[in-house]
Amino acid sequence: MSDPDHDKAKPTEIAGLCGEELTRLAREQLAQGSGIARDVYKDALRRGRFEPEAYGLRASAAAQWRERFALTLPRVVRVVSEESETGTTAKAVLALSDDLECECVLLPMGRERSTLCVSSQIGCKMGCQFCETARMGLLRHMHTAEIVAQLLVARHVLGWEFRNVVFMGMGEALDNAQHVLPALRVLTDQLGLGMSQERITVCSVGNVDGILQLAQLGMKRLNLSISLNAGNDALRSALMPVNRKTPLAALQEVLLAYPQRSNFVLGVNYCLLPGQNDSAEHAREVAEFCRPLGRVMVNVIPYNPGSVPLTRAPTEDEIDAFIAALRAHGLPVRRRVTKGRSVMAACGQLGNVQLRVQKKASGALAGR
Ligand code: SF4
């Protein structure tokens, strides 16, 4: 399941491979020195290092390794951070090999635990009205190795410690299933990063094909969350254009068919937009959507205004009232505490619209 976009003229990126794939490719492609493949893989994924010279190979064998394989880590452009009671929220802007930038965010989760929120696309084509990334449009998909490399940079270059990974950064993860699904395999490969599936959450706006592909991957302990934001089609279509193609009934159908483990809890993310989706009636509609879906956890995310705000941020009273209305319908609810708003690292605030402008001027957009 290696990266489908791999350019055969370039060295293969190790971060886009599982350990067995690297072992096989090394055997097929190297005349000598393939026996160190498992050690190379461990060092690359666990220490962020690719040093074939370090294993006592002949210079010619090490040179072959470098010809055929590489570990390219994105360059850290800048890091911004914000302190809060729960710890430091930090956003890293990373430049990929074509100088396009992705962003990943370290989120403190209390009790000295943190989660890394990673990107899967440069920009996004989904057009959600409350999201800064949407304003960029989609510049391109991130490749498997680029997705995984965010973890390596976070851990080994920035020194960030995190237990969990969420695909809630720039991009709709399942719109890039061709690279995200292999990345899930790499993240959980015991030979390398060895993350347990329970520590990974894939978030989607409700990409039906992508959810089906995720289900087929057979990783039943992965967490899945969907971005709901409205329980009626008219409002959801206005806020999230994807709903015109996949209305709530179709989303419900694919979620009902999603293979659930016994303790599976579907995350339902709800960005609270004052005056738009925060009435008692909206809460009732959310409850109606969720009722058939089994165990859910509604995550209420107070809106974080971006550079062109859709509305203001909700007040504490408005947040409390909506949460109370959801609970009155029997829904378990968690409030997502706002983190990183001052440094544009909060939910819905990632992205650099200027990049689109620059790319458009240079004629280098992916055309999607
Ligand atoms: S909320 Fe997610 S899916 Fe929607 S535009 Fe933003 S990045 Fe894309």
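Up top is the structure these notes are about.
Draft legend 1. Seen up close, the site of the ligand. Taken together, C124, M126, G127, C128, C131, T133, A134, G171, E172 and V205 make up the full set of residues near the ligand. Class assignment for the residues of the shell around the ligand results in 6 nonpolar, 3 polar and 1 charged.

Draft legend 2. Expanded view of the pattern of salt bridges. Summed over all chains, the structure comprises 15 salt bridges. Notably, a salt bridge pairs E316 with R335, separated by 2.6 Å at the nearest N-O pair. A residue pair is termed long-range when its members are at least 10 positions apart, and E316 in helix α11 (residues 316-328) and R335 in strand β14 (residues 333-335) qualify at 19 residues. E316 sits in the partly exposed class, given a relative accessible area of 46%. With a relative accessible area of 29%, R335 lands in the partly exposed category. A network of salt bridges, in which partner residues are shared, links D98, R140 and E146.

Draft legend 3. Main features of the sheet that holds strand β4 (residues 87-95). In space, the 10 strands of this open sheet follow the order β3-β4-β5-β6-β9-β10-β11-β12-β13-β14, with mixed pairing throughout. With one partner strand each, in any of the chains shown, β3 (75-84) and β14 form the two edges of the open sheet. Geometrically, the sheet is characterised by an average inter-axis angle of 20° between neighbouring strands, direction not taken into account. Relative to β14, strand β13 (residues 296-302) runs parallel, the two being bridged by 3 bridges. Along β14, the bridge assignment pairs N299 with R334.

Conventions adopted
- Residues numbered from 1 in each chain as written.
- Predicted model: local features only at pLDDT ≥ 70, side-chain atom pairs only at ≥ 80, totals over all residues.
- Heavy atoms only, no water.
- Near = heavy atom within 4 Å.
- Nonpolar A, V, L, I, M, F, W, Y, C, P; charged D, E, K, R; others polar.
- Salt bridge = Lys/Arg side-chain N within 4 Å of Asp/Glu carboxyl O.
- Helix = DSSP H or I, 4+ residues; strand = E, 2+ residues; numbered from the N terminus.
- Buried < 20%, exposed > 50% of the residue type's maximum accessible area, 1.4 Å probe, protein only.
- Pairing = 2+ DSSP bridges.
- Axes fitted to C-alpha atoms, helices over the stretch in contact; angles between N-to-C directions.

By themselves, these observations are geometric and do not establish any function.
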